[in-house]
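A look at the structure
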Amino acid sequence: MPTHNAAPPTAALADACVRLGLPLRLGPASLRPIAPHAPIAGPAMPVTHAGSVDVFLEAIDDAPAGAVLVVDNGGRDDEACVGDLVTLEAREAGLAGLIVWGRHRDTAQIVEMGIPLHSRGALPPGPRRVPPPGRSMRTAWLDGVEVTPDDMIAADDDGVIVIAAAEWARVAEAARDIHAVELAQAERMRGGESLRAQLDFATYRARQAADPDLSLRRYLAERGGAIEV
């Protein structure tokens, strides 16, 4: 399994996917972190919720340390499928965080635990349906985006992105390069050099006036800029 320490921000990972011609597999925008500034990155441990906690315990039991529990509850708004006990069990097992396509509860306790969690928001009641018999499903869908054990998950304040584990190393490398350029650009801006000056925007406007088909995206690509990909 690829390493994922100090994963780049999801924005840079998304830009890297575009730059490398890979599909953008994004979690729905309604998935939000329970607390800010708590990034997650790790191999996916997906599971489909069917109304019973045993599927979570099985997934946690089989998950490697550093995995991200990805729970598919169909985006339901009538129940919270994850609470403090499952979250604490995941933390104590060494998981990196949880992504819940549905709702959670026990917000205060989970925030106090310090393990990152993204969901559609909080709701007081837990499941009241009777789970069907059968084995747990080790896949998850995040509103149309399939997640399998062959994927990596990254999440932060901007959202959730899914990347094939086989592509993770090169995507992360490209994302770090993009992020480094943007950090350097921001530092120069704080030092008084505008972004327009850094990008020689005047030259772009002159060239674009002569060649209306020249886009800022292409101009920056020629210059190696990272503000556009």
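Just so it is clear, the structure is predicted and the values come from calculations on it, not from any experiment. (Residues numbered from 1 in each chain as written. Predicted model: local features only at pLDDT ≥ 70, side-chain atom pairs only at ≥ 80, totals over all residues. Heavy atoms only, no water.)

We now examine a nonpolar patch on the surface. Among the surface-exposed residues, Val18, Leu24 and Leu26 lie close enough to one another that they form a single nonpolar patch of about 240 Å² accessible area. Residue placement: Leu24 occurs in the loop between helix H1 (10-20) and strand S1 (25-26). (Patch = residues over 30% accessible without salt bridge, like charges linked within 9 Å, V, L, I, M, F, W, Y side chains within 5 Å. Areas by Shrake-Rupley, 256 points an atom, 1.4 Å probe, with all protein chains shown as cover. Salt bridge = Lys/Arg side-chain N within 4 Å of Asp/Glu carboxyl O. Helix = DSSP H or I, 4+ residues; strand = E, 2+ residues; numbered from the N terminus.)

Glancing now at the side chain of Asp156. Here Asp156 lies in strand S11 (residues 151-156). Buried within the structure, Asp156 lacks any salt-bridge partner; its nearest side chain of opposite charge belongs to Arg32, at an N-O separation of 7.4 Å. Reaching out from Asp156, the side chain makes a polar contact with the side chain of Thr10 at a distance of 2.7 Å. Ignoring any residue separated from it by four or fewer positions in sequence, one finds Asp156 in contact with Pro9, Thr10, Pro33, Pro39 and His118. (Buried < 20%, exposed > 50% of the residue type's maximum accessible area, 1.4 Å probe, protein only. Lys, Arg positive; Asp, Glu negative; His and termini not counted. Polar contact = N/O pair within 3.5 Å; in protein donor to acceptor, adjacent residues only side chain to side chain. Contact = heavy atoms within 4.5 Å.)

The backbone of Asp106 shows a phi angle near 60°, a positive value even though the residue is not glycine. Take Asp106: it is sitting in the loop between strand S7 (103-104) and helix H4 (107-113). In this structure, Asp200 is a non-glycine residue whose phi angle is positive, near 50°. Relative to the helices and strands, Asp200 resides in the loop between helix H6 (195-198) and helix H7 (201-210).

Counting buried positions along strand S6 (residues 97-101) gives five out of five residues, so the element sits mostly inside the fold. Two strands pair when backbone bridges link them, and strand S4 (residues 68-72) and S6 are joined in this way by five bridges, in the parallel orientation. Bridge pairing in S6 links Val70 to Ile99. For S6 and strand S8 (residues 117-119), the ladder comprises two bridges, and the chain directions are parallel. Within the sheet, the bridge partner assigned to Ile99 lies in S8 and is His118. (Pairing = 2+ DSSP bridges.)

With that settled, consider the pairing of S11. With six of its six residues buried, S11 lies for the most part within the structure. Side-chain alternation along S11 places Asp151, Ile153 and Ala155 on one buried face and Met152, Ala154 and Asp156 on a second face that is also buried. Across four bridges, strand S3 (residues 40-48) lies against S11 in antiparallel orientation. Across the sheet, the residue bridging to Ile40 is Ala155, located in S11. Here S11 runs beside strand S12 (residues 159-164); their pairing, made up of six bridges, is antiparallel. By the bridge assignment for S12, Asp156 is matched with Gly159.

The subject of this paragraph is the nonpolar core. Counting residues in each nonpolar core, the largest one holds 22 residues, and the members touching the most others are Leu69, Val71, Val82 and Leu98. Within the residue set of this core, elements represented by two or more residues are S3, helix H2 (54-62), S4, strand S5 (80-82), helix H3 (84-92), S6 and H4. Among the elements that make up this core, the one with the highest residue count is H2 (four residues). Not counting residues within four places of it along the chain, the set of residues in contact with Leu98 comprises Ile40, Val68, Leu69, Val82, Thr87, Ala90, Ile115, Pro116, Leu117 and His118. Membership of the second largest hydrophobic core comes to 17 residues, among which are Met152, Ala154, Ile161 and Ile163. (Core = buried A, V, L, I, M, F, W, Y, C linked by side-chain atoms within 4.5 Å.)

The next point concerns the environment of Pro33. Inspection of the secondary structure assignment puts Pro33 in strand S2 (residues 32-33). Here the alpha-carbon distance between Pro33 and Ile163, two residues 130 residues apart in the chain, equals 19 Å. Excluding anything up to four places from it in sequence, Pro33 contacts Leu117, His118, Asp156 and Asp157.

Taken as a whole and assessed by the stated rule, the structure comprises 13 salt bridges. With a closest N to O distance of 2.7 Å, Arg91 and Glu92 form a salt bridge. Residue classification places Glu92 among the exposed residues on the basis of a relative accessible area of 56%. Between Arg190 and Glu187 there is a salt bridge whose closest N-O contact spans 3.3 Å. You can see Arg190 and its partner Glu187 sitting in helix H5 (residues 168-190), three residues apart, about one turn around the helix. For Glu187, a relative accessible area of 49% gives the class partly exposed. Through salt bridges with shared partners, a single ionic network connects Arg207, Asp211, Arg218 and Glu222.

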